[in-house]
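Residues per chain, in single letters:
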Amino acid sequence: MPQIIDLSDVRVIDNHCHAIEAVQQNEIAIFRSFFTESPDAQIQRSDVAETAFYRRLIRAMAKFYGVTTEEEVLRVREQQSVESLVNRLFHDAAIGGVVIDTGYPAPENAMDVKAFRTASGSDYVALLRLEVTFQKLITQHGTYDDFIGAVHQLLSSVRSAGFVGFKSIAAYRTGLQIQRWSLKEAQESFTQARKEFTTSGTVRLGHKPLLDTLLHLAFESAAAQELPVQFHVGYGDPDVDLRQASPLELRSIFEEPAYRSMPIVLLHSCWPYFREGAYLAAIYGNAYLDLSYGIPFLSVGEMTSVTRAALGSAPFTKLMYSSDGVRVPELHWIGAHEGRRAIGTVLSELVADGDLSSNEARRAGEMILRDNALKLYGFPSGASA
Ligand SMILES: [Zn+2]
């Protein structure tokens, strides 16, 4: 079917992505490992090169850099500064703005924010990753009361600290079924976390009664300030127990009347639970589905299926484009191109089927790629113009 809805002129707002690493890796074995979530050495080294996503990416990069092979792509890449890579790729992909999860990669490995903003030419807003921030506070406070005091202080000053919302990776830690615990249970859980810190020097916040309690504090604060909260849902490395990472596990949070003013953004299209994600976006006023085109690493056909399911059932006001690009700028770049293409393809189908007029379809594309995110995250006016 001919593509009748062309969105190539829409500057996207990437509503979920990460920083670029200051030092880029150009050895084939390392570069390949950026395009799988598997910790398996053989998959990272060789199997990943036999995926539809990686083949398409290398072909697109080769065309962009004017070469042919994977090896040549990496040689061309190696000769450029990270600023130059970001500048070329972000301008080519017309990325008007980014919403950055500042929790990964660690800021000391990331490109300097100012240098990134200049090179990319994109408007920039940041999210506070809750779990890593809580972990830091655990290391700094010896008693539960002191610790909770510090958490309250942090949560109440999010905007003045320069953040426009929260990101939670509870799915990676204790699962999305976030519960209520007694004070005693939360205190005991804090004591265990402190013990982990004092014996090993670090703490990984996987203590469920404590993390669930802290998340509820964050949600109360987000609801009071109308701050969006992004949840990692579905797809990820094996640290995620996929059985506990379905968006349906968030039911008690969606059903909580006190949290209705907290926008909840379900990331990565919830893949493979994308129909469940689209359902939630259709049912709950505060649920949004992030449509991600860099990660998960999918074929064009599978990205089109995800897009079809989402646009086929959820309101266009509740869907937002992202790349989930991380560490290398090529993910942000290919995500923007592929996102426009997949959304354009599905909108063209909707027009052909008589679901939408072409004007309505064009407007829906602009909302999903740009306007919904501009509004939800409160970008400075003029962003993406
Ligand atoms: Zn992410």
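What counts as what
Residues numbered from 1 in each chain as written. Predicted model: local features only at pLDDT ≥ 70, side-chain atom pairs only at ≥ 80, totals over all residues. Helix = DSSP H or I, 4+ residues; strand = E, 2+ residues; numbered from the N terminus. Rg over C-alpha atoms; globule rule 2.2 N^0.38 Å. Buried ≥ 20, exposed ≤ 12 C-beta atoms within 10 Å, placed from the backbone. Contact = placed C-beta atoms within 7 Å. Pairing = 2+ DSSP bridges. Right-handed = clockwise from strand over helix to strand, strands pointing away. Axes fitted to C-alpha atoms, helices over the stretch in contact; angles between N-to-C directions. Parallel < 35°, antiparallel > 145°, perpendicular 65-115°, else oblique. Left-handed = near helix turned anticlockwise from the far one by under 90°. Nonpolar A, V, L, I, M, F, W, Y, C, P; charged D, E, K, R; others polar. Core = buried A, V, L, I, M, F, W, Y, C linked by C-beta atoms within 7 Å. UniProt positions renumbered as here; feature names shortened; annotations may be inferred. Expected span 1.5 Å × (residues − 1).

Enquirer: Give a detailed account of the overall build of the chain, specifying residues and quantitative values.
Expert: The helix and strand tally for the chain stands at 16 helices and 8 strands. Relative to a compact globule of 385 residues, whose C-alpha radius of gyration would be 21 Å, the chain shows 21 Å and is just as compact. Dimensions along the principal axes, computed over C-alpha positions, put the chain at roughly 60 × 50 × 40 Å. Every one of the 385 residues in the chain was classed for burial, and the buried ones make up 46%. Considering only residue pairs separated by 6 or more positions, the chain has 79% of its internal contacts joining residues 24 or more positions apart.

Enquirer: Summarise unusual backbone geometry; cite the residues concerned and give the values.
Expert: The omega angle of the peptide bond from Tyr-104 to Pro-105 is -5°, so this bond is cis rather than trans. The linkage connecting Ile-295 with the following residue, Pro-296, adopts the cis geometry, with an omega of 0°. As for its position among the elements, Pro-296 is in the loop between β7 (287-292) and α14 (300-313). Although it is not a glycine, Glu-226 sits at a positive phi angle of roughly 50°. Counting through the fold element by element, Glu-226 comes out in the loop between α11 (208-225) and β5 (229-231). The backbone phi angle of His-268 is positive, close to 60°, even though this residue is not glycine. Here His-268 shows up in the loop between β6 (264-266) and α13 (274-283).

Enquirer: Go over the pairing of β7 with me, naming the residues and quoting the values.
Expert: Among the 6 residues that make up β7, 6 are buried, leaving the element largely enclosed by the rest of the structure. Neither face of β7 is exposed, since Ala-287, Leu-289 and Leu-291 on one face and Tyr-288, Asp-290 and Ser-292 on the opposite face are all buried. Bridging between β6 and β7 involves 3 bridges; their strand directions are parallel. If you follow Leu-266 over to β7, its bridge partner there is Leu-289. For the crossover from β6 across α13 to β7, the handedness is right-handed. Pairing analysis gives 4 bridges linking β7 to strand β8 (residues 319-322), with the strands arranged parallel. Bridge assignment links Ser-292 to a residue of β8, and that residue is Ser-322.

Enquirer: Got a sec to walk through the packing of helix α3 (residues 52-65) against helix α4 (residues 70-78)? Specific residues and values, please.
Expert: Running from amino to carboxyl end, α3 crosses α4 at an angle of 55°, the nearest separation of the two axes being 9 Å. Between α3 and α4, the angle falls in the class oblique. Both α3 and α4 take part in a crossing whose hand is left-handed. In contact with Ile-58, Met-61, Ala-62 and Tyr-65 of α3, α4 contributes Glu-70, Glu-72, Val-73 and Val-76. The class makeup of the residues in the contact of α3 with α4 is 6 nonpolar, no polar and 2 charged.

Enquirer: I'd love a proper account of the sheet that holds strand β4 (residues 163-168), names of residues and values included.
Expert: Pairing within the open sheet is parallel, and its 8 strands lie in the order β1-β2-β3-β4-β5-β6-β7-β8. Looking at strand neighbours, the two that pair on one side only are β1 (12-17) and β8, the edges of this open sheet. In this sheet, adjacent strand axes meet at a mean angle of 25° when their direction is disregarded.

Enquirer: Mind laying out the nonpolar core, listing which residues take part and the relevant values?
Expert: Leu-266, Leu-289, Leu-319 and Ile-368 are the most contacted members of the largest nonpolar core, which has 115 residues in total. Beyond its immediate sequence surroundings of up to four residues, Leu-289 is in contact with Leu-266, Ser-269, Cys-270, Gly-277, Ala-278, Ala-281, Ala-310, Ala-314, Lys-318 and Leu-319.

Enquirer: Describe the UniProt feature "domain: Amidohydrolase-related" (unreviewed entry) in the chain, with residues and values.
Expert: The UniProt entry lists residues 207-379 under the feature "domain: Amidohydrolase-related" (unreviewed entry), expressed in the numbering used here. The span residues 207-379 is 52% helix and 9% strand, and its two end C-alpha atoms sit 35 Å from each other.

Enquirer: Could you give an account of the environment of Arg-243, naming the residues involved and the relevant values?
Expert: Tracing the backbone shows Arg-243 in the loop between β5 and α12 (251-255). Arg-243 sits in the exposed class, given 8 other C-beta atoms within 10 Å. Note: C-alpha distance between Arg-243 and Ala-171 (72 residues apart in sequence) is 9.8 Å.

Enquirer: Residues and numbers for the pairing of β4, please.
Expert: Look at any regular strand and the pattern is simple: side chains alternate between the two faces of the sheet. One ladder, built from 3 bridges, connects strand β3 (residues 123-129) with β4; its direction is parallel. When the sheet's bridge partners are listed, Arg-129 is paired in β4 with Lys-167. Pairing of β4 with β5 involves 3 bridges; the strand directions are parallel. Among the inter-strand pairings, Lys-167 is bridged to a residue of β5, identified as Gln-230.

Enquirer: Give a detailed account of helix α15 (residues 329-352), specifying residues and quantitative values.
Expert: If you check α15, its first and last C-alpha atoms are 35 Å apart, about what 24 residues at 1.5 Å a residue would give, namely 34 Å. Taken across its 24 residues, α15 has 18 buried, putting it largely inside the fold.

Enquirer: Could you give an account of the environment of Ser-84, naming the residues involved and the relevant values?
Expert: Tracing the sequence through the fold places Ser-84 in helix α5 (residues 82-92). Sequence spacing of Ser-84 and Ser-120 is 36 residues, and the spatial spacing of their C-alpha atoms is 9.2 Å.

Enquirer: Could you give an account of the packing of α15 against helix α16 (residues 358-376), naming the residues involved and the relevant values?
Expert: At a minimum axis separation of 10 Å, α15 and α16 run at an interaxial angle of 150°. Taken as axis vectors, α15 and α16 run roughly antiparallel relative to one another. Read as a crossing pair, α15 and α16 show a hand that is right-handed. Taking contact as the criterion, the partners of Gly-339, Arg-340, Ile-343, Gly-344, Leu-347, Leu-350 and Val-351 in α15 are, on α16, Ser-358, Ala-361, Ala-364, Gly-365, Ile-368 and Leu-369.

Enquirer: Now, about helix α8 (residues 144-156): what can you tell me, with residues and values included?
Expert: Along an α-helix, a turn takes 3.6 residues, which lines up residues three or four apart on a common side. The terminal C-alpha atoms of α8, which comprises 13 residues, lie 18 Å apart, in line with the 18 Å expected from a rise of 1.5 Å per residue. Next to the buried residues of α8 lie α7 (130-140), α10 (183-200) and α11.

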